[in-house]
Amino acid sequence: MGEDWAYWKTNNITSHKNMDLSSINSETLELLSRITGQDLRQEDLSPSIVFLSALITVLQGVMLQDGQITEEEKQQ
């Protein structure tokens with residue numbers, strides 16, 4: 001496993017700095033704004049924002065599927 005990690009790190013595969021955000025249009029930006037609860041602008045976007053938005057979406061799906069969430073929690 002250590003050799004695999006060295007390969008990934010050496011080839012900069014673990015870095016998100018090269019993520020191309022140019023394909024994010026105004027509709028996607030609006031969706032990201034709704035997911036994060038922030039009024040995002042194109043210049044606010046970063047790979048971390050995109051990742052966290054995806055993580056929030058997955059976690060919300062898990063919470064809803066679990067069935068243990070109340071209506072009030074759903075609205076938050």
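Before any of the text, the structure's been laid out above.
What you see is a predicted model; the values in this text were computed from it and never measured. Numbers given to residues run from 1 along each chain, matching the order in which its sequence is written. At least 70 in pLDDT is required for a residue's local features to be given in this predicted model, at least 80 for side-chain atom pairs to be given and counted, and no such filter applies to totals for whole chains, interfaces and linings, which use all residues. Side-chain measures here rest on the full set of heavy atoms in the structure, leaving out hydrogens and waters.

S.K.: Hey, could you run me through the environment of Ile-49 in this one?
M.R.: Helix and strand assignments follow DSSP, with helices taken as H or I runs no shorter than four residues and strands as E runs no shorter than two, numbered in order from the N terminus. Relative to the helices and strands, Ile-49 is located in helix H3 (residues 47-66). Burial classes follow relative accessibility: with a 1.4 Å probe on protein chains only, a residue under 20% of its type's maximum area counts as buried, one over 50% as exposed, and anything between as partly exposed. For Ile-49, a relative accessible area of 23% gives the class partly exposed. Only heavy atoms enter the contact rule, under which two residues are in contact if any of them lie within 4.5 Å. In this structure Ile-49 touches Leu-40 and Asp-44, once residues within four positions along its chain are discounted.

S.K.: How do you make sense of the environment of Leu-32 when you look at a structure like this?
M.R.: By the secondary structure assignment, Leu-32 is in helix H2 (residues 26-36). Since its relative accessible area comes to 8%, Leu-32 is described here as buried. Considering only alpha carbons, one finds Leu-32 and Val-50, 18 residues apart in sequence, at a separation of 7.5 Å. When residues no more than four places from it in sequence are discounted, the contact partners of Leu-32 are Ile-24, Leu-40, Leu-45, Val-50 and Ser-53.

S.K.: Just to check I follow, could you spell out the packing of H2 against H3 for this structure?
M.R.: Two measures define how a pair of helices packs: the angle their axes make with one another and the distance between the axes. Geometry is summarised by axes, namely lines fitted to C-alpha atoms with helices restricted to the contacting stretch, and by angles between N-to-C directions that run from 0 to 180 degrees. Contact geometry of H2 with H3 gives a least axis separation of 10 Å together with a crossing angle of 60°. Between H2 and H3, the angle falls in the class oblique. The interaxial crossing formed by H2 with H3 has left-handed handedness. Contacts between H2 and H3 involve Leu-32, Ile-35 and Thr-36 from the former and Val-50, Ser-53, Ile-56 and Thr-57 from the latter. Under this grouping Gly is polar, as are all residues other than the nonpolar Ala, Val, Leu, Ile, Met, Phe, Trp, Tyr, Cys and Pro and the charged Asp, Glu, Lys and Arg. Its residues assigned to classes, the contact of H2 with H3 comprises four nonpolar, three polar and no charged. For classification, angles of less than 35 degrees are called roughly parallel, those exceeding 145 degrees roughly antiparallel, those between 65 and 115 degrees roughly perpendicular, and all remaining angles oblique. Crossings are classed by handedness, with left-handed meaning an anticlockwise turn of the near helix from the far one by less than a right angle and right-handed meaning a clockwise turn.

S.K.: Just checking my understanding: could you explain the pattern of salt bridges for this structure?
M.R.: Any two side chains of opposite charge can pair, on the condition that their charged atoms come close. The rule for a salt bridge is simple: a side-chain nitrogen of Lys or Arg has to be within 4 Å of a carboxyl oxygen of Asp or Glu. A full pass over the atoms with the stated rule returns two salt bridges. We note a salt bridge from Arg-41 to Glu-43, for which the minimum N-O separation is 3.6 Å. Looking at Arg-41, the relative accessible area reads 46%, which means it is partly exposed. Given a relative accessible area of 57%, Glu-43 falls into the exposed group. Between Asp-44 and Arg-41 there is a salt bridge whose closest N-O contact spans 3.0 Å. Overlapping salt bridges, with partners in common, bring together Arg-41, Glu-43 and Asp-44 in one network.

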